[in-house]
Amino acid sequence: PRSERRQNGEFVAISLLVQDWDAIAPWLVEALFADEVYRRAFLAVAESGGVIGKALEVADPEARDVIERAAVVDVAADPEAEARNLIAAAVRRELSSHRASDDPDVIRLDAEARVRMEALNEHEQSLEAAGWLLGWLEGRREVRDLGG
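All of the points below concern the structure found in this document. The model shown is predicted, which means the values in this text are computed figures rather than measured ones.

**Topic: the environment of Ala 55**
- Tracing the backbone shows Ala 55 in helix 4 (residues 52-58).
- Using a relative accessible area of 0% as the deciding quantity, one classes Ala 55 as buried.
- A sequence separation of 76 residues divides Ala 55 from Gly 131, and the C-alpha atoms of the two residues are 25 Å apart.
- Beyond its immediate chain neighbours, meaning those up to four positions away, Ala 55 contacts Ala 44, Val 45, Ser 48 and Ile 67.

Structure follows, in structure tokens:
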């Protein structure tokens, strides 16, 4: 039976990735995906360089279902806007999920993340802000994966 996973912003991003790789791939990293199945689907598509047949081969059954649906869904969305929304959601999740720190570097970086998140909607600053936030999110994920 096919999954009835909710089609949220993560699904839209995967759909755009599958259907128009160049438009959204530079904006996406693993840390943006909170839903475990969508994260695995993203990793399969990213690992395959956007080649759907290859992504389907490496994906587990749940992720394969997401990729198959993403390949055929009619999605009319602005890739950059969707990516900015996904980045902002991931930043909010990250900021709210960790305990308060008295480490001045962590405090400074968290404050910078809040400022950069606001800059995501400023046309002249959005690309730079997105790049910084993606690096910050990946850095936080790596620290968490290492047990920090």
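Now, onward.
**A look at the packing of aromatic side chains**
- A full pass over the atoms with the stated rule returns three aromatic pairs.
- With a centroid separation of 4.8 Å and 20° between ring planes, the pair formed by Phe 33 and Phe 42 is classed as stacked.
- Assessed through its relative accessible area of 6%, Phe 42 is described here as buried.
- A centroid spacing of 6.5 Å and a plane angle of 15° characterise the contact between Trp 132 and Trp 136, whose relative ring orientation is stacked. With Trp 132 and Trp 136 both in helix 8 (residues 126-145) and four residues apart, the pair spans about one turn of that helix.
- The exposure class assigned to Trp 132 is partly exposed, which follows from its relative accessible area of 24%.
- Among the residues examined, Trp 136 registers a relative accessible area of 8% and is labelled buried.

**Topic: the nonpolar core**
- Counting residues in hydrophobic clusters, the biggest one holds 44 residues, and the most contacted among them are Leu 28, Leu 32, Phe 33, Ile 87 and Val 91.
- At the level of secondary structure, the elements contributing two or more residues to this core comprise helix 1 (9-19), helix 3 (36-47), helix 5 (61-72), helix 6 (79-97), helix 7 (104-119) and helix 8.
- If near-sequence neighbours (up to four positions away) are discounted, Phe 33 is found in contact with Glu 10, Ala 13, Ile 14, Leu 28, Tyr 38, Arg 39, Phe 42, Leu 86 and Arg 93.

**With respect to the pattern of salt bridges**
- Taken as a whole and assessed by the stated rule, the structure comprises 13 salt bridges.
- A salt bridge links Glu 80 to Arg 84; the nearest nitrogen and oxygen atoms lie 4.0 Å apart. Highlighted residues: Glu 80 and Arg 84, both in helix 6, separated by four residues, approximately one helical turn.
- Of the residues examined, Arg 84 reaches a relative accessible area of 19% and is grouped as buried.
- As a salt-bridge pair, Arg 116 and Glu 112 come within 2.5 Å of each other at their nearest N and O atoms. Of the two residues, Arg 116 and Glu 112 are both situated in helix 7; the distance of four residues between them amounts to about one turn of the helix.
- Using a relative accessible area of 18% as the deciding quantity, one classes Arg 116 as buried.
- The class of Glu 112 is partly exposed, set by a relative accessible area of 26%.
- Among the charged side chains, a network of salt bridges with common partners joins Glu 30, Glu 36, Arg 39, Arg 40, Asp 60, Glu 62, Glu 138 and Arg 141.

What counts and what doesn't
Residues numbered from 1 in each chain as written. Predicted model: local features only at pLDDT ≥ 70, side-chain atom pairs only at ≥ 80, totals over all residues. Heavy atoms only, no water. Helix = DSSP H or I, 4+ residues; strand = E, 2+ residues; numbered from the N terminus. Buried < 20%, exposed > 50% of the residue type's maximum accessible area, 1.4 Å probe, protein only. Contact = heavy atoms within 4.5 Å. Phe/Tyr/Trp six-rings, centres within 6.5 Å; stacked < 30°, edge-to-face > 60°. Core = buried A, V, L, I, M, F, W, Y, C linked by side-chain atoms within 4.5 Å. Salt bridge = Lys/Arg side-chain N within 4 Å of Asp/Glu carboxyl O.

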